[in-house]
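Architecture at a glance
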Amino acid sequence: MKAVIFLLLMLCLPVQASEISISGPTEADPGEMVRLRLDGLPDVDLAGVVADEVEWFDSLTLAFSPPVESTTVIDEELTMTVRPFRWRYRVEFVPDRLGAYLIVVSWRLDDADQLLVHRVEVGGSRPDPPEPDPDPDDPIPPPTDGLHVIVVDDENVRGELPQSQINIFTSTRVAEWLRHNTAEAPDGGPAFRFSSNDSLVEGEEARELELPVFVEGWDAIMDAVRSGRISLPAWAISDGERGVIEQLPQSVDAAIERLEEFR
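Presented here is a report on the structure given in the accompanying data block. (Residues numbered from 1 in each chain as written. Predicted model: local features only at pLDDT ≥ 70, side-chain atom pairs only at ≥ 80, totals over all residues. Heavy atoms only, no water.)

Here's the deal with the overall build of the protein
Secondary structure assignment for the protein yields 6 helices and 12 strands. Here the protein holds 263 residues, and the buried ones make up 41% of them. Across the protein, the fraction of contacts at a sequence separation of at least 24, relative to all contacts at a separation of at least 6, is 65%. Accessible area of the protein: about 14,300 Å², with a carbon and sulfur share of 51%. (Helix = DSSP H or I, 4+ residues; strand = E, 2+ residues; numbered from the N terminus. Buried < 20%, exposed > 50% of the residue type's maximum accessible area, 1.4 Å probe, protein only. Contact = heavy atoms within 4.5 Å. Areas by Shrake-Rupley, 256 points an atom, 1.4 Å probe, with all protein chains shown as cover.)

If you want it as structure tokens, here you go:
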């Protein structure tokens, strides 16, 4: 099923051919959500008329080929983002058995033909996660007064994470726990941050504006990632006496249970 969601009225897509591509994971485990995205779609033209905007979409065909005996189905959706205005076409599925899952996209526009094949291999070929730090209770400089938490993730691969772990980033329970249990930061707010792997790099203005304690925590996490001890998403927790740098837990419940150990 193709679901076209119109977020604004009176939009138009100019019918111009574009190089499209499929981005997303090539490996997964059974029961793990797989999210793919079709890139290179035509730009949005706000000055046009609605009647023309679906013409290019009618020329796009997507075929899904799961392993034999699989009952996996896909969910497709075309949406429009704002700031910037662009089209986004996503495909999601949850594989139910081992094997190769093929997504084939064909597109004919302005006499230009494209055929894309994306293969997702499920089971047996994913690398083992990094071994946990045998002694994760490393102090995070500088010493903090009260509970401080910084979470760092890579937004480019967030869609490859288990849904239970993705939920941590939008969980009201986690946010409320942090607001009520972390210390008061020098800027007057609660002492926690959700950050990304490129947000506080050297030379960026955001690094100069951020509080030193969170810059130090971000640096400590990224140093651990570069050394191969952990991979993103990860977090640093310090209560003024001890600190940890470790993988982000796999679920909201597990995250709160771990945080409770520092309260």
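A short note on empty space enclosed by the protein
In the structure shown here, the tally under the stated rule is 3 cavities of 30 Å³ or more. One number sums up the size of the second largest cavity: a volume of about 50 Å³. Lining the second largest cavity, in full, are Ile 22, Leu 36, Arg 37, Leu 38, Leu 62, Tyr 89, Val 91, Ile 103 and Val 105. Of all the secondary structure elements, the ones that give two or more residues to the lining of the second largest cavity are β3 (34-39), β6 (86-93) and β7 (99-109). The element that contributes the greatest number of residues to the lining of the second largest cavity is β3, accounting for 3 residues. Split into classes, the residues belonging to the lining of the second largest cavity amount to 8 nonpolar, no polar and 1 charged. (1 Å grid on protein atoms, 1.4 Å probe; cavity = no way out; pocket = protein on both sides within 12 Å on 5 of 7 lines; lining within 4 Å. Points joined across faces, edges and corners; volume = space filled by probe spheres on them. Nonpolar A, V, L, I, M, F, W, Y, C, P; charged D, E, K, R; others polar.)

Digging into the layout of surface pockets
The space that makes up the second largest pocket amounts to roughly 450 Å³. The wall of the second largest pocket is formed by 17 residues, among which Arg 35, Leu 36, Arg 37, Arg 88 and Gly 159 lie closest to the centre. Elements with a minimum of two residues in the lining of the second largest pocket: β3, β5 (75-81) and β6. For the lining of the second largest pocket, a count of residues per class yields 3 nonpolar, 5 polar and 9 charged.

Some thoughts on the nonpolar core
Membership of the largest hydrophobic core comes to 21 residues, with the highest contact counts inside it found for Leu 38, Phe 93, Ile 103, Val 105 and Val 120. Of all the secondary-structure elements, those providing two or more residues to this core are β3, β4 (60-65), β6, β7 and β8 (112-122). Leave out the neighbours within four places in its chain, and Val 105 touches Ile 20, Ile 22, Leu 38, Leu 60, Thr 61, Leu 62, Gln 114, Leu 115 and Leu 116. Counting 20 residues, the second largest nonpolar core, distinct from the first, contains Ile 166, Phe 192, Val 244 and Val 252. (Core = buried A, V, L, I, M, F, W, Y, C linked by side-chain atoms within 4.5 Å.)

Concerning helix α3 (residues 172-181)
Along α3, the positions that sit buried rather than exposed are Val 174, Ala 175, Trp 177 and Leu 178. On an axial view of α3, the arc spanned by its buried residues comes to 160°, and they lie on one face. The outward face of α3, more than 90 degrees from its buried face, is lined by the exposed residues Thr 172 and His 180. Of the residues that open α3, the one with a side-chain oxygen 3.2 Å from the backbone nitrogen of Arg 173 is Ser 171. (Arc of directions from axis to C-beta. Polar contact = N/O pair within 3.5 Å; in protein donor to acceptor, adjacent residues only side chain to side chain.)

Structural notes on the pattern of salt bridges
Oppositely charged side chains can form a pair if their charged atoms are brought close together. Within the structure shown, the criterion is met by 17 salt bridges. One salt bridge connects Arg 97 with Asp 96, and the closest N-O pair in it is separated by 3.9 Å. Given a relative accessible area of 34%, Asp 96 falls into the partly exposed group. Arg 158 is the salt-bridge partner of Asp 153, the closest N and O atoms lying 2.9 Å from each other. One network of salt bridges, in which partners are shared, links Arg 35, Asp 75, Glu 77, Arg 90 and Glu 92. (Salt bridge = Lys/Arg side-chain N within 4 Å of Asp/Glu carboxyl O.)

Side note on the pairing of strand β11 (residues 234-238)
Taking burial as the measure, the 5 residues of β11 include 5 buried ones, the bulk of the element. Covered by surrounding structure in β11 are Ala 234, Ala 236 and Ser 238 together with Trp 235 and Ile 237, the residues of both alternating faces. Here 5 bridges tie strand β9 (residues 148-153) to β11, and the two strands are oriented antiparallel to one another. Residue pairing in the sheet places Val 149 in a bridge with Ile 237 of β11. Pairing geometry for β11 and strand β12 (residues 243-247), over 5 bridges, is antiparallel. When the sheet's bridge partners are listed, Ala 234 is paired in β12 with Gln 247. What sits between the antiparallel neighbours β11 and β12 is a turn of 4 residues, in which Gly 240 has the positive phi angle 95°. (Pairing = 2+ DSSP bridges.)

The values are spatial; any link to function lies outside them.
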